[in-house]
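# Fold and geometry: a report
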Amino acid sequence: MRELTGAALAGSAAAGTYCAALAWDGRWPFGAVVRGGTPLTEQVVPLQTHLWDVLRGAPGSGDLVVNWNSGYGVPFLPDLATDLLNPCGWPGLLLPRSQQAFGVFLAVLLSLGLATALMTHFLGRLAPGAVAVRGLLGVGYGLCAWVLVAGVGRPAWLWGLVALPLLGLAYDRCLRRTGWPLGAAAVAACWLGDFYTAATASLGAGLVLLLRLAVGRGGWRALLRAVSMTAVGIAAAAPVLLVTFEAGRSAQPAAVVHPTAPGVTDYLGQLLPGGLAARALPDVFVGVLGLLLVAALPFNRRVRLRERVGWLLVPALVAGSFVWRPSVLLWHVSTAPEGNPYRSTFVLSGLLTMAAWVCLAHRPRPAALAGGVLLMALLAALVHGRGSTRPVTWVLLGAGVPIAALTVPALAGGARKRTAALAVLGCAVLAGSGLATGSVLALRDRRPGSPAPSGAALAAARSALAAAPGPRWPDGRRDPGPHLFTGNDPILLGGQGGGYRSDYLPARTAQTLHALGAGWLLQGRQTLSAADQVGQALFGVTASLGPDLVVRTAPALPLAVLERTPEPAAQSSVWARQQALLGATVYQVPELVPGTGPAPTDHGSSGWSVPATPEGAPGTELTARCTPGRAAYLYAPYLAGAVSWPGGSLAADGQQNATALPVLALGPVPPDGVLRVTVRTALATQVPARPFGCLDREALAAAVAARAATGATAVRVTGHTVSADLPPGSRGTAVLAVPAVPGWRCAVDGGPERPAGATPAGLLAVPLGTGAGRLACAYRQPGLAPGLRVAALAAALWAAVGAWARHRESGGR
């Protein structure tokens, strides 16, 4: 009971220190608003909100398999597996919908508190010692630099912080030849909670096991138990692993990050607390106490030489492996790193914490601590002036090192002396951890960002969309429109839009929306809703929310329509692709005519190059002629610069592959029939060969009415199925306004399910044969079925081993 209480107090101290640092600086939730523009506010909180909706059966949201809110219909299981399976996040789902951001904050607190408690307990398995002393090092682990810089922004990753000591405890059972079923369950829990960081935590825990075998007791039998335990645990997590593997294969590709190796002094500077480097570096520090004890370990002769060498060599090798390209692939599960290339750094922080405890548990003499102080002084001299050090770093070292050096020897004294030393050291550790936490969070939040949307603004937009007149899902989509609040506005506002931000955004979704004129960001891992009238009609959007929070309604195609004439496979422009799906000509597509200013260069069907605008010169004018009164649009997805036209302007930031602008409304064609757009740009940019389209609204309304008259007479949508009643004897191809991501299977008139096809633009297409009256489609998540089969086998093996173990125990009595 004392061990459990001590570990729980350590976890509470870490969580409390983190909260105190936030409150001292007036940071959310104790003061200022949430920082926007981060994965936490753009992705994690909306996905948590969507899970809240799904669990309560909110209309139009889908289920755990399909998310109907986003991307005009996308898989949800990969997002669930990647961002929402950390068990520490589940209590937040009990809070009201509007408080899910606070629920995510609770997940952070519970994760770092649980990780601290487990590390405190695991240190006692490495070497015996007072739980209160171990708890001080556990706090350093729970508030290490990686947590503050990377972990708190992605709560799912914090499960890896929990997994490292939990796996250490599981492998400790292998050394003790007991508890194999419980250890395998622990491995499964780690890999289910967040497979990515669990994989790196498994590598770290495996290194610790090998080190313990090398310097202590055990042998090949303990290693065999650990390997079998790990294999069964990972197999139990196969549904998550195979689902995310298949989803990753079909996801929109992102840029691979190959950071340059940091200099030795820059890397060493990351060991010192309180700072944050301007560029990406491994975030390592575990506090002054931990660093001093690691520095004193080489001089602590009470630790056997083999053990000293091992506990110094393994962290050094791991540190080097984070910046050596071949071994980087190992830490990233044999895939090239995307986003944060150092998301495995918590393993190094854990190893440093363990090494510090090995030193402290063997009661270092003052001479050993003096050697550690000298090494730290040398380290400080080497890294002084580096970007990762700040004034607070020297305050922490100047106060923390003397206190630690003087109080650590007293921990081995009499009861009264030990209690006083522990109290002083505990206050110093908690104060230093709080100061370092506040400093790092302040430095992190200086990076570009913006306030997250307020609850009142979200509520107003959600109410406006819900109150819109007209048909409701699935008879029509209510699209939240532009990227107004976050990259996942349709989730937060409760509509069915094209906006979607995810690490697993299907490439088919991104390419389909892009082909039909919707924009994207983040190299296609964030899509935007269709912003033009034809695009909205094609996706069945009957109500859309504008930036002014005014809902605009318009007729649109039903979710399922008939296509009797196959859509041409190749279309030269977005206008042609939209018209092919619509089955009618509604655009006038004029030729571009260069106007005043620097002349653009015509590259034929490849488009036009717009030159850089000389200083003080007028911009390049692009003109075209259309019928007066038509609705004019511009489509130049990769245009960059200041764009202006009569009645409007835009700071365009298009960039090939990275950022694609949507179709842009220019207003009505003026009475003289001439469209004029001026581009001023610092660098050469590009526009398509036919960037202008002039829409005949009456022709669009007639085309929508004609297609709706021959389309589905009724559409029903459940969690991950779509069914439609068609006019009897319908022939040709049924087209559903859903991107044809891998996994959709459809049946006609109750026949066998077959993989769904796709139109050239990328929407679901189902051949109807000689005639049909009913269509039914269901989404089968790729990887889920084989994953469940593997997990079932693992569960059966686990149960058999558990039964055998219980039989042996009962027989032994």
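Look a little higher up for the structure.
Residues numbered from 1 in each chain as written. Predicted model: local features only at pLDDT ≥ 70, side-chain atom pairs only at ≥ 80, totals over all residues. Heavy atoms only, no water.

## A closer look at the sheet that holds strand 17 (residues 631-634)
Each strand in a sheet pairs with another by means of backbone hydrogen bonds, the pair being arranged parallel or else antiparallel. Here we have four strands laid out as an open sheet, ordered 12-23-17-20, and antiparallel in their pairing. Each having just a single partner strand, strand 12 (587-588) and strand 20 (664-668) make up the two edges of the open sheet. Here strand 17 pairs with strand 20 via four bridges, running antiparallel. When the bridges of strand 20 are listed, Leu634 appears paired with Leu664. (Pairing = 2+ DSSP bridges. Helix = DSSP H or I, 4+ residues; strand = E, 2+ residues; numbered from the N terminus.)

## Thoughts on helix 1 (residues 2-24)
Think of an α-helix as 3.6 residues a turn; residues three or four steps apart then line up on the same face. Across its 23 residues, helix 1 extends 32 Å between first and last C-alpha, which sits within 8% of the 33 Å expected from 1.5 Å per residue. Those residues of helix 1 that fall on the buried side of the exposure criterion are Gly6, Ala7, Ala10, Gly11, Ala14, Ala15, Thr17, Tyr18, Cys19, Ala21 and Leu22. (Expected span 1.5 Å × (residues − 1). Buried < 20%, exposed > 50% of the residue type's maximum accessible area, 1.4 Å probe, protein only.)

## Focus: the packing of helix 7 (residues 158-176) against helix 16 (residues 346-361)
The contact between helix 7 and helix 16 brings their axes to 10 Å, and the two run at 35°. Helix-helix and strand crossings are classified by hand; for helix 7 and helix 16 the assignment is right-handed. Residue-level inspection shows Gly160, Leu161 and Leu164 of helix 7 in contact with helix 16, the latter providing Phe346, Val347, Gly350 and Met354. When its residues are assigned to classes, the contact of helix 7 with helix 16 shows five nonpolar, two polar and no charged. (Axes fitted to C-alpha atoms, helices over the stretch in contact; angles between N-to-C directions. Left-handed = near helix turned anticlockwise from the far one by under 90°. Contact = heavy atoms within 4.5 Å. Nonpolar A, V, L, I, M, F, W, Y, C, P; charged D, E, K, R; others polar.)

## Section: the packing of aromatic side chains
All chains considered together, the criterion is met by eleven aromatic pairs. Judged by centre distance (4.9 Å) and plane angle (50°), the rings of Trp146 and Phe346 are tilted. Note that Trp146 is positioned in helix 6 (residues 145-149) and Phe346 in helix 16, a separation of 200 residues in sequence. For the pair formed by Trp146 and Phe346, the shared burial category is buried. Through a chain of ring-to-ring contacts, the aromatic side chains of Tyr18, Trp28, Phe30, Phe102 and Phe105 assemble into a single cluster. (Phe/Tyr/Trp six-rings, centres within 6.5 Å; stacked < 30°, edge-to-face > 60°.)

## Observations concerning the pattern of salt bridges
Close approach of charged atoms allows side chains of opposite charge to pair. For the coordinates displayed, the defined rule picks out 18 salt bridges. Ionic pairing is found between Asp503 and Arg154, a salt bridge with its closest N-O pair at 3.0 Å. Here Asp503, found in the loop between strand 6 (500-501) and helix 22 (507-515), pairs with Arg154, found in the loop between helix 6 and helix 7; they are 349 residues apart in sequence, far enough to count as distant. According to the relative accessible area criterion, Asp503 is partly exposed, its value standing at 26%. Owing to a relative accessible area of 9%, Arg154 belongs among the buried residues under this scheme. Ionic pairing is found between Arg249 and Glu246, a salt bridge with its closest N-O pair at 3.4 Å. With Arg249 and Glu246 both in helix 11 (residues 238-249) and three residues apart, the pair spans about one turn of that helix. (Salt bridge = Lys/Arg side-chain N within 4 Å of Asp/Glu carboxyl O.)

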